[in-house]
Amino acid sequence: MLVLVLNAGSSSLKFNLFDMTDERLLLEGMAERIGVDGAFHWSAGAEGEQRELPLPDQSAALREVMALVASRVPEGKSINVVGHRVVHGGPKYGESVLITPEVLADIEAYSLYAPLHNPANAQGIRAALQAYPDIPQIAVFDTAFHHTIPDYARTYGIPYELAQKYGIRRYGFHGSSHAFVAARTAILLARPLRSLKLITCHIGNGSSVCAVLHGQSMDTSMGMTPLQGVIMGTRCGTLDPSIVDLLIEKEHLDYRAITELLNQKSGLLGISGVSSDFREIEAAADQGNPRAILARDLLTYDVRKFIGSYAAVLDGVDAITFTAGIGTHSSRLRAEVCSHLDYLGVALDEDANREGSGERLISQPGSKVAVAVVPTNEELMIAREAVK
Ligand code: AMP
């Protein structure tokens, strides 16, 4: 069975083609700068190509993808299903669904909760429905994995009627990633997922931490939108809401300017003044830049704080797993986070942490709490959902 996975952003379209008979990735690539000057690149094993070309909209980008995919589909096979990454599934979607006009309308309506993501996801879906009218298309929601979060953990302290009226509650994100790395951690530990208490730390440009009990999400650091939780590349993470009032009044900012400030100018970038890229933060911190040191330390502190609170939520923890760009690659962040978790029984294997690569355990064999690194694979998870 061949699955095409699409992830449409505001100016990009990522694509992956899987042969799900053996979960083999046949082709991956991305159309970028859609609506600007246009660029397209792809790779298939050692082969690949990169070119500049006009891409006025998602449909134009998808036409490039279709032509490429048609030329790469193995003899006698064709695409059986398209899986779409959709950021927000609102209160309704606790599972992946076949896309119907009603589902598409819901995805558009949930732009209320994900104004930066859902409109682009919907645009990508519309283009794909036109391009592949006879192939079933599935929406896989970032929020779906977190539908198991209990009411008391997803409720905000605002008047109940307002929360009900507008669906204001914690939804959580990176669901495909947390589900994927939780399942891989169980395999690394050679124990059934349904017996484990896990804390999964997706630390990248966007970051979230999740408490996973017996394979189900019990709590996560992101909220109604992907703005809450630990600080991120350019997103502020958890704030006292009164800060918004102060900025509106003193800086004369309107709603749009505040949204931009908190989403695009805050986090590691806003604090350091150096970059949103953690490699550059680490490099500047090594050279003694005090704001880069502060940004690095704050991220480390935030992650550790969520691990501590989720150990309390889960009443203990069997393993802590790091994933995404920073979680997978920064051995220093992992070491710094784990260096203050002795009280939980975390004993890091410094060599395995620093020198190994890829999916592995990085705790000492006798560590009461295992620590793992698992590179995430959200695209494969979407393909699996589409097949299911
Ligand atoms: P993601 O959003 O998962 O692609 O992660 C992007 C983040 O991972 C960026 O902040 C990168 O700087 C960071 N990152 C990637 N490679 C490394 C590395 N080798 N060391 C530290 N951070 C890294």
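Residues numbered from 1 in each chain as written. Predicted model: local features only at pLDDT ≥ 70, side-chain atom pairs only at ≥ 80, totals over all residues. Heavy atoms only, no water.

**Focus on the state of the cysteines**
Covalent bonding between the sulfur atoms of two cysteines defines a disulfide.
Thought 1: Throughout the structure, instances matching the rule amount to zero disulfides.
Thought 2: No disulfide involves cysteine 201; its nearest neighbouring cysteine sulfur is the one of cysteine 338, lying 8.3 Å away. (Disulfide = S-S within 2.5 Å.)

**Some remarks on the environment of valine 369**
Thought 1: Looking at the secondary structure, you find valine 369 in the loop between β13 (360–361) and β14 (370–373).
Thought 2: We classify valine 369 as buried; its relative accessible area is 1%.
Thought 3: Residues valine 369 and leucine 341, 28 residues apart in the sequence, show an inter-C-alpha distance of 9.6 Å.
Thought 4: Setting aside residues up to four positions removed in sequence, valine 369 forms contacts with Val317, Asp318, Ala319, Ile320, Leu344, Gly345, Val346 and Ser363. (Helix = DSSP H or I, 4+ residues; strand = E, 2+ residues; numbered from the N terminus. Buried < 20%, exposed > 50% of the residue type's maximum accessible area, 1.4 Å probe, protein only. Contact = heavy atoms within 4.5 Å.)

**Looking at the site of the ligand**
Thought 1: Every residue near the ligand is listed here: Gly204, Asn205, Ser276, Asp277, Phe278, Arg279, Glu282, Ala324, Gly325, Ile326, His329 and Ser330.
Thought 2: In this structure, an oxygen atom belonging to the ligand sits 3.3 Å away from a main-chain N or O atom of isoleucine 326.
Thought 3: Alone, the ligand offers 500 Å² of accessible surface; in the complex the protein occludes 71% of this.
Thought 4: Of all the secondary-structure elements, those providing two or more residues to the shell around the ligand are α10 (278–286) and α12 (324–329).
Thought 5: Classifying every residue of the shell around the ligand by side-chain character gives three nonpolar, six polar and three charged. (Near = heavy atom within 4 Å. Polar contact = N/O pair within 3.5 Å; in protein donor to acceptor, adjacent residues only side chain to side chain. Areas by Shrake-Rupley, 256 points an atom, 1.4 Å probe, with all protein chains shown as cover. Nonpolar A, V, L, I, M, F, W, Y, C, P; charged D, E, K, R; others polar.)

**Observations concerning the pattern of salt bridges**
Thought 1: A complete count under the given rule lists 26 salt bridges for this structure.
Thought 2: With a shortest N-O distance of 3.2 Å, glutamate 49 and arginine 51 are connected by a salt bridge.
Thought 3: You can call glutamate 49 partly exposed: its relative accessible area is 35%.
Thought 4: The partner of aspartate 106 in a salt bridge is lysine 92, and the shortest N-O contact between them spans 2.8 Å. One end of the pair, aspartate 106, is in helix α2 (residues 101–109); the other, lysine 92, is in the loop between β6 (79–86) and β7 (97–98), and 14 residues separate them in sequence.
Thought 5: Three or more residues joined by partner-sharing salt bridges are found here, namely Asp19, Asp22, Arg24 and Lys77. (Salt bridge = Lys/Arg side-chain N within 4 Å of Asp/Glu carboxyl O.)

**A closer look at the sheet that holds β6**
Thought 1: What the eight strands build is an open sheet, ordered β5-β4-β3-β2-β1-β6-β8-β7; its pairing is mixed. Edge positions in the sheet fall to β5 (47–52) and β7, since each of these pairs with one other strand and no more.
Thought 2: The sheet contact formed by strand β1 (residues 2–8) and strand β2 (residues 13–19) spans seven bridges and is antiparallel. Each residue of the ladder has a partner; that of alanine 8, found in β2, is leucine 13. (Pairing = 2+ DSSP bridges.)

**Some words on the sheet that holds β14**
Thought 1: In space, the six strands of this open sheet follow the order β11-β10-β9-β12-β14-β13, with mixed pairing throughout. Two strands lie at the open edges of the sheet, namely β11 (216–220) and β13, each paired on one side alone.
Thought 2: Two strands pair when backbone bridges link them, and strand β10 (residues 207–213) and β11 are joined in this way by four bridges, in the antiparallel orientation. By the bridge assignment, alanine 211 is partnered in β11 with aspartate 219.
Thought 3: Contacting β9 (197–203), β10, β11 and β12 (319–323), helix α11 (residues 290–314) runs over the sheet at an angle of about 160 degrees to β9. (Axes fitted to C-alpha atoms, helices over the stretch in contact; angles between N-to-C directions.)

**A look at the side chain of histidine 84**
Thought 1: Here histidine 84 lies in strand β6.
Thought 2: When near neighbours in sequence (up to four residues on either side) are disregarded, histidine 84 contacts Leu6, Ile99, Gly124, Ile125, Ala128, Gln137, Ile138, Ala139, Val140 and Ile382.

**Focus on α2**
Thought 1: Of the positions making up α2, those classed as buried are Val103, Leu104, Asp106 and Ile107. Relative to the axis of α2, the buried residues are bounded by an arc of 160 degrees and lie together on one face.
Thought 2: Turning to α2, the residues buried within the fold contact β6, β7, α3 (118–131) and β8 (137–141). (Arc of directions from axis to C-beta.)

**Side note on the pairing of β10**
Thought 1: Summarising burial for β10: six of the seven residues are buried, a large majority.
Thought 2: Pairing of β9 with β10, which is carried by seven bridges, proceeds in the antiparallel orientation. Bridge assignment links threonine 200 to a residue of β10, and that residue is cysteine 210.
Thought 3: The turn joining β9 and β10, which pair antiparallel and follow one another in sequence, is formed by three residues.
Thought 4: What sits between β10 and β11 in their antiparallel hairpin is a turn of two residues, with histidine 214 showing a positive phi close to 55 degrees.

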